[in-house]
Amino acid sequence: MLNYISAEWYKLRHTKGIFIAFGFLLLLIALLFLPALGMMKPIFEVYAGAYVVTLVVGFFLAPIFAVRAFDDQYGRGTMKNEVVFGIPRHRIYLGKLGFSALLGTAAAFLVLGFFLLLCILAGGLAEANALLCIDLCIKSTLLVLPLWLASLSLAFFLQVAVRSNGGAVAVDYLILLFGTPIALMGGAENPTASHFLNFMSRWFFVAPFRNLYDTLDIEWGVFSGMSYSWLVGAGWVLVTTLAGLAVFSQREIN
């Protein structure tokens, strides 16, 4: 498995597009700090709050990593080369999914480190709540990470289940665009809500994201919901992975 992941990393290193896109993302983050250059008072709390709010964007970036990992191997006809070569299908699936998960996790922590570095360079450590803001950013990232991995696992499952690369991406974004607002609105406590709304507000992988707003105390301290987030995220990863392995094992590779 490690050899397979290493091979995927070798292929990625010869693809400049994702590195250019990641550099552009870091540039956009850096541009957010331009107003701080002309301010006398650091605004660490404002930037930390903005970081937490924009973490939801990660759900919509996950399909990009899934697409890059699968690399449209149905459309390009390269999947049969791996199968004919004798690589077990479960290793292909888990190897590509594991590679994309490692790549995405590394990218998430690089973004976090880059963001905190810019906050510190902007004078954020001079604020009274600086350490609490850093604590908030780190723990928010750890809370959202399993949910992002769930979004990635779903996106990768669709890449395998749908022969059309564009069709898989379209279905994934429709699920995200439709399900994310419903999950964030909540409503599970409403006894008149339908079973569908109750499920979406409790168990859709975006639902635990509400903990960043619902349980965060006024002191920007430790918040609850971490175990709930990891439970939901792990559940989605497990179910979509098992479903993906089942589909891929029966898929006719042309």
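Residues numbered from 1 in each chain as written. Predicted model: local features only at pLDDT ≥ 70, side-chain atom pairs only at ≥ 80, totals over all residues. Heavy atoms only, no water.

Below, the discussion takes up the pattern of salt bridges. Counting across every chain of the model gives one salt bridge. In this structure, Lys 139 engages Asp 135 in a salt bridge whose closest nitrogen and oxygen atoms are separated by 3.4 Å. On the criterion of helical spacing, the pair formed by Lys 139 and Asp 135 is a turn pair, its members being four residues apart in helix α8 (residues 130-161). (Salt bridge = Lys/Arg side-chain N within 4 Å of Asp/Glu carboxyl O. Helix = DSSP H or I, 4+ residues; strand = E, 2+ residues; numbered from the N terminus.)

Another point: the nonpolar core. Nonpolar side chains tend toward joint burial in soluble globular proteins. Phe 44, Phe 59, Phe 115, Phe 156, Phe 205, Phe 209 and Phe 248 are the most contacted members of the largest nonpolar core, which totals 64 residues. Breaking this core down by element, the ones donating at least two residues are α2 (17-31), α3 (44-54), α4 (57-70), α7 (89-121), α8, α9 (165-185) and α12 (226-250). With 17 residues, the top contributor of residues to this core is α8. Not counting chain neighbours up to four residues away, the residues in contact with Phe 209 comprise Val 52, Val 53, Leu 55, Val 56, Phe 59, Val 144, Leu 147 and Leu 184. (Core = buried A, V, L, I, M, F, W, Y, C linked by side-chain atoms within 4.5 Å. Buried < 20%, exposed > 50% of the residue type's maximum accessible area, 1.4 Å probe, protein only. Contact = heavy atoms within 4.5 Å.)

Here the focus is the environment of His 90. Following the sequence through the fold, His 90 ends up in helix α7. In this structure, the C-alpha to C-alpha distance between His 90 and Gly 244, residues 154 residues apart in sequence, is 9.4 Å. Dropping the residues within four chain positions of it, His 90 is found in contact with Gly 95 and Leu 245.

Another aspect to go through is the packing of α3 against α8. For the pair α3 and α8, the least separation of the axes is 10 Å and the interaxial angle reads 5°. With respect to α8, the element α3 is oriented roughly parallel. Along the contact surface, α3 presents Phe 44, Glu 45, Ala 48, Tyr 51 and Val 52, while α8 presents Ala 130, Cys 133, Ile 134, Leu 136, Cys 137, Ser 140 and Thr 141. For the contact of α3 with α8, the per-class residue count stands at nine nonpolar, two polar and one charged. (Axes fitted to C-alpha atoms, helices over the stretch in contact; angles between N-to-C directions. Parallel < 35°, antiparallel > 145°, perpendicular 65-115°, else oblique. Nonpolar A, V, L, I, M, F, W, Y, C, P; charged D, E, K, R; others polar.)

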